[in-house]
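Observations on chain architecture
Residue strings, one per chain:
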Amino acid sequence: MENKIRFMRRACEIAFSRMGHTSPNPAVGAVIVKNGQIAGEGGTGPYGSDHAEVRAIKNAMSGNTGTDGAEIYVSLEPCSHYGKTPPCTEAIINSGIKKVYVPLLDPNPLVSGRGVRRLAEAGVEVEIMHQSSAMASDLLRGFKKYILRGEPYIINKCAMTLDGRIATSTGDSRWISSDYSRLFAHRLRSICDAIIVGKNTFVNDNPSLNVRFSDFNDEIKNFLKSGQTMISGRKNFLIEQLITSEHDSPKDPLRVLLGMPETVPADCNFTRDNNYIIISGRDEFENAISSSSELKKRAEGLNIVVGEFKTRAEQIVFIMDYLKGRGVINALLEGGAGVNGSFLDAGATDQFIYSIAPRILGSGLPPVNGEDKSAISESLRLNDITSVMLKEDVLICAYREQYNFEMM
């Protein structure tokens, strides 16, 4: 049993390493074991290329052991349908693999249960490792929402003071949290497909919104890797991986700006390359360009998406639909308060990761500015709580919905 859990954990580690590189497919890891030793490994490739199982089979076939009579550990049920690639079940059957271990079924209705059934019909033994389902599910919450609800999964990330402020009244926020929390935040960016900010953040911070592991020295990275961080509450595999490891080849997420600023400087960080969009309502867009001939001329060369919405609720619906169409599974919401509030009020935020620094500001901006509530009973009560001591900062991870692992 100990070895089985170790091999499945390795499959999940590979899946984590592929997050941010596979959308709209889920990030999956596969490990082939023969004679008690790992014979091949693979993770999901970019959309349209080989899935994890096929990559692991090819990796094993390139060695001396091959795959005949081997076992394979996969972090998600193998697909059994034709999409951009042939079914992974057929690759497994044709490889001579005798047993497949999976922690949970695929939430995709085209797959769920059918992959396991197809393998069994072909004489391949399948074992569902329920003891590893929570670990695997931590990596797949986003895909589950994307495939079942047709919406991206929204993670609200904030750094705030102990008295609940994300910036001074003038907008200054650099830096509230420690370098340890900031490195964690950059690792979080690296697994997301998009990162969302509002106009105030754009104007006040001139944000780059990229992944910058090079900003942090080896002392910081080694401390996180060492496992000296104190974790309490729910054992969260995603959080553990974000603390202890980082992608070898990180990919910058799509930068998303909500609202049309009065000006978009040619040298601003946000538009430094083509990996961005600006989403604006039609009235807001037309008012902005009519009041500034310079902006009107500049707008012609910008990636602007104009939507037919007038209210904050309609704006969120439009944004979610647009991002889903772009294949965005996981989107990181970095605010500010108004944007965070709009997503909260719309019921669109799924996960909250807040870093709380031991600072007292005494005034300033809150992390969320949503609709007024008259009673505590109207607040959103969160679930599956994990807390982490990152040196002097406290990291809190919590979810809107309590996860039902039996549904996967």
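All chains use their own residue numbering, which begins from 1 and follows the written sequence. Where totals are concerned, whole chains, interfaces and linings use all residues; where local detail is concerned, this predicted model gives features only for residues with pLDDT of at least 70, and gives and counts side-chain atom pairs only at 80 or more. To get the side-chain values, take all heavy atoms of the structure and skip hydrogens and water.

So, the overall build of the protein chain
- The numbering of helices and of strands both runs from the N terminus, where a helix is a DSSP run of H or I of at least 4 residues and a strand a run of E of at least 2. On a plain count of helices and strands, the protein chain comes out with 14 helices and 15 strands.
- Each radius of gyration reported is based on C-alpha atoms, and the globular scaling rule is 2.2 Å times the count of residues to the power 0.38. In terms of C-alpha radius of gyration, the protein chain reaches 22 Å, essentially the compact-globule figure of 22 Å for 408 residues.
- By principal-axis analysis of the C-alpha atoms, the protein chain measures approximately 70 × 45 × 45 Å.
- Out of the 408 residues in the protein chain, the part that is buried amounts to 53%.
- Here a residue-residue contact requires only that any non-hydrogen atoms of the pair lie within 4.5 Å. Restricting the contact set of the protein chain to residue pairs at least 6 apart, pairs at least 24 apart contribute 76%.
- Working definition of accessibility: Shrake-Rupley area with a 1.4 Å probe, residue cover restricted to the visible protein chains. On the protein chain, roughly 18,500 Å² of surface is accessible, and the fraction owed to carbon and sulfur atoms is 47%.
- Counted charges follow a simple rule, with Lys and Arg positive, Asp and Glu negative, and His plus the chain ends left uncounted. Charge positions are represented by NZ for Lys, CZ for Arg, CG for Asp and CD for Glu. Counting 46 positive and 49 negative side-chain charges, the protein chain places the averaged centre of each group 2 Å from the other. Whether a residue is buried, partly exposed or exposed follows from its accessible area with a 1.4 Å probe, protein chains only, as a fraction of its type maximum: under 20%, in between, or over 50%, in that order.

Observations concerning the sheet that holds strand β3 (residues 71-74)
- We treat two strands as partners when DSSP finds at least two bridges between them. The strand order across the open sheet formed by 5 strands is β2-β1-β3-β4-β5, and the pairing between neighbours is mixed. Because the sheet does not close on itself, it has two edges, and the strands there are β2 (37-43) and β5 (125-128). For this sheet, the mean angle separating the axes of adjacent strands, direction not counted, is 20°.
- Pairing geometry for strand β4 (residues 99-102) and β5, over 4 bridges, is parallel. Bridge pairing links Lys99 to Glu125 in β5. Here an angle of 0 to 180 degrees is reported between the N-to-C directions of two axes, which are lines fitted to C-alpha atoms, with helices fitted over the stretch in contact.

Points about helix α14 (residues 337-345)
- Residues Ala337, Val339, Asn340, Gly341, Ser342 and Phe343 constitute the buried set of α14.
- Lining the buried residues of α14 we find β6 (153-161), β7 (194-198), β9 (254-258), α13 (312-325), β12 (330-333) and β13 (349-357).
- Downstream of α14 by one or two residues, Gly347 has phi in the positive range, about 70°.

Description of the nonpolar core
- Definition used in this section: a nonpolar core is a set of buried Ala, Val, Leu, Ile, Met, Phe, Trp, Tyr and Cys residues joined via side-chain atoms within 4.5 Å. Ile32 and Phe270 are the most contacted members of the largest nonpolar core, which has 83 residues in total.
- With 7 residues, the single largest contributor to this core is helix α1 (residues 2-18).
- When residues no more than four places from it in sequence are discounted, the contact partners of Ile32 are Gln37, Ile38, Ala39, Gly40, Ala56, Ile57, Ala60, Thr67, Ala70, Glu71, Ile72 and Ile97.
- Counting residues in each nonpolar core, the second largest holds 20 residues, with Ile196, Leu258, Ile277 and Ile319 among its members.

Let's talk about the packing of α1 against helix α10 (residues 237-244)
- It is the contact of α1 with α10, at a shortest axis distance of 11 Å, that shows an interaxial angle of 65°. By the criterion of interaxial angle, the relationship of α1 to α10 is roughly perpendicular. When you trace α1 past α10, the crossing you get is right-handed. Packed against α1, whose contacting residues are Arg9, Cys12, Glu13 and Phe16, the element α10 presents Phe237, Leu238, Glu240, Gln241 and Leu242 at the interface.
- Any residue outside Ala, Val, Leu, Ile, Met, Phe, Trp, Tyr, Cys, Pro, Asp, Glu, Lys and Arg is labelled polar, Gly included; the first ten of those are nonpolar and the last four are charged. Here the contact of α1 with α10 is built from residues that sort into 5 nonpolar, 1 polar and 3 charged. An angle counts as roughly parallel when it lies under 35 degrees, as roughly antiparallel when it exceeds 145, as roughly perpendicular when it falls between 65 and 115, and as oblique in every other case. With the far helix as reference, a near helix turned anticlockwise by less than a right angle produces a left-handed crossing, and one turned clockwise produces a right-handed crossing.

Here's the deal with the environment of Ala337
- As for its placement among the helices and strands, Ala337 is situated in helix α14.
- The buried category is assigned to Ala337, whose relative accessible area is 15%.
- Separated by 136 residues in sequence, Ala337 and Thr201 have C-alpha atoms that sit 9.4 Å apart.
- Sequence-distant contacts of Ala337, that is, excluding residues within four places in its chain, are made with Ile166, Pro366, Pro367, Val368 and Asn369.

Considerations on the packing of helix α2 (residues 52-61) against helix α3 (residues 88-95)
- Running from amino to carboxyl end, α2 crosses α3 at an angle of 25°, the nearest separation of the two axes being 8 Å. Between α2 and α3, the interaxial angle falls into the category roughly parallel. For the crossing formed where α2 meets α3, the hand is left-handed. Of the residues in α3, those in contact with Glu53, Val54 and Ile57 of α2 are Cys88, Ala91, Ile92 and Ser95.
- Its residues placed into classes, the contact of α2 with α3 shows 5 nonpolar, 1 polar and 1 charged.

A short note on the packing of aromatic side chains
- Stacked, tilted and edge-to-face are the three classes assigned to paired rings of Phe, Tyr and Trp, where Trp is represented by its six-membered ring and a pair needs centres within 6.5 Å; plane angles under 30 degrees give stacked, over 60 edge-to-face, the rest tilted. Across all of its chains, the model carries 7 aromatic pairs by this definition.
- Centroid distance Phe270 to Tyr276: 5.6 Å. Interplanar angle 65°. Geometry classified as edge-to-face. Each member of the pair Phe270 and Tyr276 is classed as buried.
- An angle of 70° between the planes, with centres 6.3 Å apart, marks the rings of Phe352 and Tyr354 as edge-to-face.

Quick notes on unusual backbone geometry
- Here the bond from Ser23 into Pro24 is cis, since omega is 10°, no more than 30 degrees from zero.
- Position of Pro24 among the secondary structure elements: in the loop between α1 and β1 (29-34).
- Cis rather than trans, the peptide bond between Arg174 and Trp175 has omega equal to -15°.
- Counting through the fold element by element, Trp175 comes out in the loop between β6 and α7 (179-190).

Concerning the side chain of Asp393
- Of note, Asp393 is situated in strand β15 (residues 393-399).
- Each salt bridge in this description consists of a side-chain nitrogen of Lys or Arg and a carboxyl oxygen of Asp or Glu lying within 4 Å of one another. Here Asp393 occupies a buried position and makes no salt bridge, while the nearest side chain of opposite charge, Arg359, is found at 6.8 Å.
- Polar contacts, as used here, are pairs of N or O atoms within 3.5 Å; protein pairs need one atom able to donate a hydrogen and one able to accept it. Residues neighboring in sequence count only if both atoms are side-chain atoms. Engagement of the side chain of Asp393 in a polar contact is seen with the backbone nitrogen of Ser178, the distance being 2.8 Å.
- Every residue in contact with Asp393, bar those within four places of it in the chain, is listed here: Ser177, Ser178, Ser181, Ser355, Ile356, Ala357, Pro358 and Val388.

What to know about the environment of Arg312
- Relative to the helices and strands, Arg312 is located in helix α13.
- Judged by relative accessible area, which is 41%, Arg312 ranks as partly exposed.
- Distance from Arg312 to Ser342, taken between C-alpha atoms, is 6.2 Å for residues 30 residues apart in sequence.
- If we skip the residues at most four places from it in the chain, Arg312 touches Gly338, Gly341, Ser342 and Asn369.

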